[in-house]
Amino acid sequence: MKFSYSLIKEMVPNLPAKAKFADELALKSFEVDEISGDMMDIKITANRWCDAASHAGIAREAATIFGLRAIPIKTTDFKKAKKPLGVKLEKGSDCCRYIGVSAELGKKGATPPWMKKYLMTCGIRSISPVVDALNYVMIEVGQPMHAFDADKVEGGIIVRKAFKGEKITTIDGGEYELTPNDTVIADKKKALGIAGIKGGEAAEITGGTKRIILESANFDLVSVYRTSKRIKLETDASRRYGHGMSSEKAKTGMDRAIRLLTEMCFIKPVAFSDVYPVKEPKKFIKYDAERFRRLTGVAVDKAQASIILRKLGFKMKGDIAEIPAERIDVSIFEDLAEEVIRIYGLDEIEAQAPVISIIPAHNDPIIGFREKTKRAFAGIGFDEIISYSFGDYPEGPELANPISQEKAFMRTNLVKGLDEAIEKNRRSFTEIKIFEFGKVFDGIGKEHWSVAAAVRSGARDYPLRTLRGAVEAAFRRIGIGETEFAAEGKKLKVKAGGELVGEITVSKNGERAFFEADAEKLMKKSEGKFEYEPISPYPSMMRDVSLWVKDSVPVGEIFETVNAVGADDLNDVDLADYYPDAENGRVGVTIRLVFQSPERTLTDAEIDAWMDKIKGSLEAQKGVEIR
Amino acid sequence: MEFEEIGKRAGNEIDAAATAEEISAVRVKYLGRKQGEITEALRSLKDMSEAEKRETGPRIQKLRDEIESAIAFKEEELNNSASATDITLPGKRTESGHLNLITQTEDEIRRIFNSMNFSVMDGPEMEDEYHNFDALNIPDSHPAREMWDTFWMKSKEGDKKRYLLRTHTSPVQVRYMERRDPPFQIISIGKTFRYEATDATHETNFHQVEGLMIGREVSLANFKFVISEFFRQFFSEKTVEVRFRSSYFPFVEPGVEVDVKLDNSRWLEMGGAGMVHPKVLKAVGYNPKDWQGFAFGFGVERLAIIKHKVPDIRLFESQDLKFTKKF
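Because the structure is predicted, anything quoted here is derived from the model rather than measured.

Some points on the overall build of chain B
Check the secondary structure of chain B and you find twelve helices and nine strands. Taking 2.2 N^0.38 as the reference for a compact globule, 327 residues should give roughly 20 Å; the C-alpha atoms of chain B span a radius of gyration of 34 Å, well beyond that estimate. Overall, the C-alpha framework of chain B stretches about 95 × 55 × 40 Å when taken along its three principal axes. Per-residue burial over chain B gives 42% buried out of 327 residues. Long-range contacts, defined here as pairs at least 24 residues apart, represent 64% of the contacts in chain B between residues at least 6 apart.

Section: the overall build of chain A
Summing up its helical and strand segments, chain A has 18 helices and 31 strands in all. Counting only C-alpha atoms, chain A reaches 125 × 60 × 45 Å along its principal axes. For chain A, with 627 residues in total, the buried portion stands at 44%. In chain A, the proportion of contacts linking residues at least 24 apart, taken out of those at least 6 apart, comes to 67%.

Here's the deal with helix H12 (residues 333–344) of chain A
Residues three or four positions apart in an α-helix share a direction because the helix packs 3.6 residues into each turn. Residue and element names in this part refer to chain A. Its twelve residues place the ends of H12 16 Å apart at the C-alpha level, agreeing with the 16 Å of an ideal helix rising 1.5 Å per residue. In terms of burial, H12 is largely enclosed, as nine of its twelve residues are buried. Residues Glu 334, Leu 336, Ala 337, Glu 338, Glu 339, Val 340, Ile 341, Arg 342 and Ile 343 constitute the buried set of H12.

A look at the interface of chain B and chain A
Taken residue by residue, the interface counts 69 residues in chain B and 74 residues in chain A. Those elements that place two or more of their residues in the side of chain B that touches chain A are helix H6 (101–115), strand E1 (119–121), strand E2 (126–128), strand E5 (205–215), helix H9 (220–235), strand E6 (240–247), strand E7 (252–262) and helix H12 (321–324) of chain B. By residue number, the principal contributor to the side of chain B that touches chain A is H9 of chain B, which donates seven residues. By residue class, the composition of the side of chain B that touches chain A is 32 nonpolar, 21 polar and 16 charged.

Some details on the packing of helix H6 (residues 129–141) of chain A against helix H9 (residues 249–265) of chain A
Residues and elements named next belong to chain A. In the contact formed by H6 and H9, the axes pass within 9 Å of each other and the chain directions differ by 140°. Viewed along their axes, H6 and H9 adopt a mutual orientation that is oblique. As H6 runs across H9, the sense of the crossing is right-handed. Contacts between H6 and H9 involve Pro 129, Val 130, Ala 133, Leu 134, Tyr 136, Val 137, Glu 140 and Val 141 from the first element and Thr 252, Gly 253, Arg 256, Ala 257, Leu 260, Leu 261, Met 264 and Cys 265 from the second. Partitioning the contact of H6 with H9 into residue classes produces twelve nonpolar, two polar and two charged.

Things to note about the domain arrangement of chain A
Residues and elements named next belong to chain A. According to the domain assignment, chain A consists of domain 1 (2–66), domain 2 (81–275), domain 3 (284–346), domain 4 (365–525) and domain 5 (541–626). Between the C-alpha centres of domain 1 and domain 3 the distance comes to 21 Å. Taken together, the contact between domain 1 and domain 3 spans nine residues of the former and nine residues of the latter. Listed by contribution, the elements that provide at least two residues to the side of domain 1 that touches domain 3 are helix H3 (49–52) and helix H4 (55–66). Here the side of domain 1 that touches domain 3 takes four residues from H4, the largest share from any one element. Of the residues belonging to the side of domain 1 that touches domain 3, the class tally is three nonpolar, two polar and four charged.

What about the domain arrangement of chain B?
As assigned here, chain B comprises domain 1 (2–85) and domain 2 (101–324). The centre of domain 1 of chain B, based on its C-alpha atoms, is set 67 Å off from the matching centre of domain 2 of chain B.

Here's the deal with the pairing of strand E12 (residues 191–194) of chain A
Residues and elements named next belong to chain A. Of the strand pairs in this sheet, strand E11 (residues 183–186) and E12 are connected by three bridges, and their pairing is antiparallel. In the sheet register, Val 184 faces E12, and the bridge partner there is Ile 194. Relative to strand E13 (residues 198–199), E12 runs antiparallel, the two sharing two bridges. Its bridge partner lying in E13, Ile 194 is registered against Lys 198.

Reading the values: the criteria
Residues numbered from 1 in each chain as written. Chains lettered and ligands numbered in written order. Predicted model: local features only at pLDDT ≥ 70, side-chain atom pairs only at ≥ 80, totals over all residues. Helix = DSSP H or I, 4+ residues; strand = E, 2+ residues; numbered from the N terminus. Rg over C-alpha atoms; globule rule 2.2 N^0.38 Å. Buried ≥ 20, exposed ≤ 12 C-beta atoms within 10 Å, placed from the backbone. Contact = placed C-beta atoms within 7 Å. Expected span 1.5 Å × (residues − 1). Nonpolar A, V, L, I, M, F, W, Y, C, P; charged D, E, K, R; others polar. Axes fitted to C-alpha atoms, helices over the stretch in contact; angles between N-to-C directions. Parallel < 35°, antiparallel > 145°, perpendicular 65-115°, else oblique. Left-handed = near helix turned anticlockwise from the far one by under 90°. Domains from an automatic or database assignment. Pairing = 2+ DSSP bridges.

Right, here's the structure in full:
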């Protein structure tokens, strides 16, 4: 919100220079976003619009912070007008208080240059003396006000809910259709303004206006907020009302306006009405020094607290604080404590180690599992990717307000993000090995942790093999007892500890391979412990078998054939070589078998016997030929 | 078996060789072109059947390679050759995988808080309106809600709850308190979302760390201790100062902004904190007369940006491996 430094200084004459003022204000009250010439852009927090969204409010903060005196603002009691003005608040109109004063304009008057200057600093255009004075009251004391041309008001003022479909044209020419949830200021024939938001054209004051009706009112914050959001019309007034204000302020605003307009236009108040159905009760909170110490860790006694609170406008009787009416944000002890500690100085808080029982920290299990899994993949050369959680997933839960149509759905898998990552990086890296661990979404309010990995490399490097091997290695590192793969069409289903957890797929050209698994299922299978198995002191023996295999025969079947023989002490079967011979429609395959016994050194004769059986089985297989 | 015997014997002789002449003799004996034992064995392959050849060939080859290599190293040793022991040779590049800087930062944050007895909790990224807002004293139709620009999920007619992408990790606090009694201290680290235009300091997908400590007398002074300790360990700079500035967040009272100053440079804004608002405690069924405590929330990216001098928040989720591989 824009403020004029010189106007604040007028109210607090000994105010320090801008920079120092801004620094202290930032520590104890509000951040200052920008200083430009006389203008200070002060970030009023949502709870303090009620009292600090005005120069008088900031002046009080300044006076309190620097221990200075603020000059009171001069007012004229509106009740000097003698006659009653007809004002009616209909039931349920969401109007808390309505002060109306009718007055005759003594002369056209002119806006004084100082007022124009302050308005301009605050980003408000000068329009006419009456409007300028009312806008000035708003920036000065924080009360939004309005003036109607009294001769255009037929009968008295009525505050009521709008009729269904009721139309209104505002003074800036905007046309709005209202609903019975919206409140209007009206006369007996027509709506004159949208309550708390903007005045209407029907009773707009003009150069020819002779008599005016001034409005200083207060409305229910939720009502104003909702109407303003629905009709998409936000004004200085609607923002102030939307944050909530005290009805007591309506009088301050009116008294100040009368004073200014008397000086500027010689207005003569004729009649007034102050409809205030439920007077705001006074609020009292006890300052409890012991409770304050417990909350903040700082000792501030009653006397010290009283000095601070008085400066802020609280009335103190002993340790009982009467809350200033406009401070609707202060309603419990903690609020009062905040007022004291921020002015006393948050810097006075000294670090104090908490005293607690030693109960071990218990992380959610997924936290440790996630870390372990990420480290497993990074440990075998995979780089971690973090992708957006939303994108083009038409099967996924849909966002109501996406940033773009391509990012309108929550992701249902991680693989798509990894594919995009490969696309982004393929020009910089030939071999890409990446993974992601993140949430995927199964429906509205339904999500689960997922883990995915992808490999991209030259076709001869078989990314599928690299990925499958990586999954096996990673699974071992995260404590999966047994990892199995089962081909299902073009997909490879991945089982961990006997349960299906995910799958491996490969792009049509074989350039990219992808793995994804339900991390929560995987976690349940990773909780086993590996037990010690004796390490054989006897040598291992290696044998290679080289084959020609027809393209139509999957290598997986050859491995099955080898395993089906059930050779004793056959410890490992691995693919040692694999190269396509496209011309002849076959693949050269070398399988490496490792034999080892835990009990003795195996003889060549024993192994040869098993090798003969294995070769026999292989030769019997269709499309397989021993090289 | 014969071959193993040859291997063992050759090994012993290589070890025993003490001069260039001796090792040269060993080479001739085993690998000599004319009568070397291994050479002979290889030559004899041609008289074997195909099956025997396939069987024996690779074994002899392997033995030959082993002996060749052992002799070569011994020769290097005896000749005092420079190439093997030139310790100025550049290292051979070894690639390892890289954890995203966010993960590394998260791990570090977790390590520090675990060491201070804070448990780490996880919670949903797609939240309901109640846990993200109402339970945290952020009512509907109040401008305070505008502090969080929100991604809303499309709802169907008849849906009882409105869902959104959590705008902060604070709902994890609420969920934890709903099922646990104090005292306790927890943190939660995770992905959060804000509906806003992206630039060097704003991203729609980012990460937060949230902390909560509840006890009988847990105070702002305790928070200052915990958070100072955290920053000291996290930034590991010579001096780390912490200050509070008055601020407002609906779920705390008093509320503060936390700034740090590293090594006497300028103050940096880190995030919000304060004493948990009694309304929040009441919403989860705690009696605010008995329990009190502090809560805080910081941006994980912001912590990483400051520590590692990253110029742009968008790099973290850019999927750019050139960035990932730098850390």
